[in-house]
Each structure stands twice: as structure tokens, then as C-alpha cells.
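Topology and contacts: notes
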Amino acid sequence: ELVESGGGSVQAGGSLSLSCVASGTTYSSVCMGWFRQAPGKEREGVAILESDGTTEYTDSVKGRFTISADNSKKTVDLQILSVKPEDSGSYFCAAGPGCSWSPNDYKYWGQGTQVTVSS
């Protein structure tokens with residue numbers, strides 16, 4: 001099971017942190033990812049953390065988003081800096097045997113947490 005928290009409303013230029021608590025075997029998945037989905041748009045991957053510690057970011061968030069894991073708490077966190085209105089959407093934590101930007105590669109999903117950025 002994956003449970004996200006930390007979403008909310010923030011002004012453009014601000015920052016916030018999202019956290020995903022993983023239980024069961026999900027934390028040992030090959031890949032953990034954060035995805036977001038804006039109304040009327042497809043779900044897109046924004047950050048990936050591989051089991052060997054490798055991180056990847058989609059171009060639009062590079063330099064602003066940081067994905068990290070806390071093994072003692074079994075959490076995967078997403079720090080967001082310099083938020084932009086286009087960062088708004090529902091953010092989902094995912095764990096999967098696959099490791100790509102495709103949501104189809106992820107088997108487990110959280111319920112999502114909403115991020116709203118005002119200009």
C-alpha cells in the first residue's frame with residue numbers, strides 16, 4: 001500500500017514537500033515514481049527513483065524537484081521548489097516492477113494528493 005501526503009495550496013515561487021509511505025513489499029520495488037495528473041490531461045511521470053539510487057526527472061521539473069527515500073521510515077519524498085501554476089494537479093506515488101515514464105510499468109499506486117499553485 002502507498003499513502004501520499006503533503007499536498008495543498010501554494011503560491012507560485014513557493015515550495016512544498018510530498019511524502020509517500022510504503023507498506024508491505026512495495027518499498028522494495030525496483031522503481032518508485034511520482035506522477036501527476038492535471039484535469040483533462042494524461043498522467044505523467046515527473047520523478048523516478050531506482051533501487052540503486054539513480055534518479056530521473058522529466059525535463060519540466062529538472063532543477064526544481066528532488067525525489068529521495070528514507071529507508072528508516074519507508075518513505076519516498078518529493079521536494080518541490082519554485083513551484084509554477086503548471087505544477088498543479090493530483091500527485092501520485094507509484095511502485096512497480098518496471099522503471100519508466102509509462103504508468104503501465106507500475107503495479108501499485110497511492111490515492112493521490114492534490115497540489116494547487118496560484119499565480
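Note that the structure is predicted; figures quoted are calculated from it, not measured.

Another aspect to go through is the overall build of the protein. Within the protein, the regular secondary structure consists of zero helices and 11 strands. Sequence-ordered secondary structure for the protein, helices as α and strands as β, is β-β-β-β-β-β-β-β-β-β-β. Principal-axis analysis of the C-alpha atoms places the extent of the protein at approximately 40 × 30 × 25 Å. Put simply, 57% of the contacts in the protein that link residues at least 6 apart link residues at least 24 apart. Across the protein, the 9 positively charged side chains and the 13 negatively charged ones have centroids separated by 3 Å.

Glancing now at the pattern of salt bridges. Counted by the stated rule, this structure contains four salt bridges. Here Asp-87 ties to Arg-36 by a salt bridge, and the two come within 2.9 Å at their closest N and O atoms. Of the two residues, Asp-87 sits in the loop between β8 (75–80) and β9 (89–96) while Arg-36 sits in strand β4 (residues 31–37), which places them 51 residues apart along the sequence. Classification of Asp-87 as buried rests on a relative accessible area of 1%. Exposure remark for Arg-36: the relative accessible area of 6% places this residue in the buried category. Here Asp-87 and Arg-64 are joined by a salt bridge, their closest N and O atoms 2.7 Å apart. Remark: Arg-64 occurs in the loop between β6 (55–57) and β7 (65–70) and Asp-87 occurs in the loop between β8 and β9; sequence separation between them is 23 residues. Because the salt bridges share partners, they merge into one network encompassing Arg-36, Glu-44, Arg-64 and Asp-87.

The next subject is the packing of aromatic side chains. What the rule picks out here adds up to four aromatic pairs. For the pair Phe-35 and Tyr-106, a centre-to-centre distance of 5.0 Å together with 75° between the ring planes defines the contact as edge-to-face. Note that Phe-35 is positioned in strand β4 and Tyr-106 in the loop between β9 and β10 (108–109), a separation of 71 residues in sequence. Judged by its relative accessible area of 0%, Phe-35 falls in the buried class. In this structure Tyr-106 comes out as buried when scored by relative accessible area, which is 5%. A connected cluster of aromatic rings, assembled from ring pairs, spans Phe-35, Phe-92, Tyr-106 and Trp-109.

It is worth spelling out unusual backbone geometry at this point. Most peptide bonds adopt trans geometry, and most residues besides glycine take a negative phi value. You will see that Lys-74, though not glycine, has its phi angle at about 55°, which is positive. The phi dihedral of Ser-82 is positive, around 45°, even though this residue is not glycine. Within the secondary structure layout, Ser-82 lies in the loop between β8 and β9. Residue classification places Ser-82 among the partly exposed residues on the basis of a relative accessible area of 41%.

Reading the values: the criteria
- Counting of residues starts from 1 at the beginning of each chain's written sequence and follows it residue by residue.
- Predicted model: local features are reported for residues with pLDDT of at least 70 only, side-chain atom pairs are reported and counted for 80 or more only, and whole-chain, interface and lining totals are derived from all residues.
- Side-chain numbers here rest on the full set of heavy atoms in the structure, without hydrogens or water.
- Numbering of helices and strands runs from the N terminus; a helix is a DSSP stretch of H or I covering at least four residues, while a strand is a stretch of E covering at least two.
- A contact between two residues is defined here by any heavy atoms of the two lying within 4.5 Å.
- Counted as positive: Lys and Arg. Counted as negative: Asp and Glu, with His and the chain ends omitted from the count.
- Charged side chains are reduced to one point each, which is NZ for Lys, CZ for Arg, CG for Asp and CD for Glu.
- Whenever a carboxyl oxygen of Asp or Glu lies within 4 Å of a side-chain nitrogen of Lys or Arg, that contact is scored as a salt bridge.
- Remark: exposure states derive from per-residue accessible area (1.4 Å probe, protein chains only) relative to the maximum for the residue type, with buried under 20%, exposed over 50%, and partly exposed in between.
- Aromatic rings from Phe, Tyr and Trp, taking only the six-membered ring of Trp, are treated as a pair when their centres fall within 6.5 Å; an angle between ring planes under 30 degrees marks them as stacked, one over 60 as edge-to-face, and anything in between as tilted.

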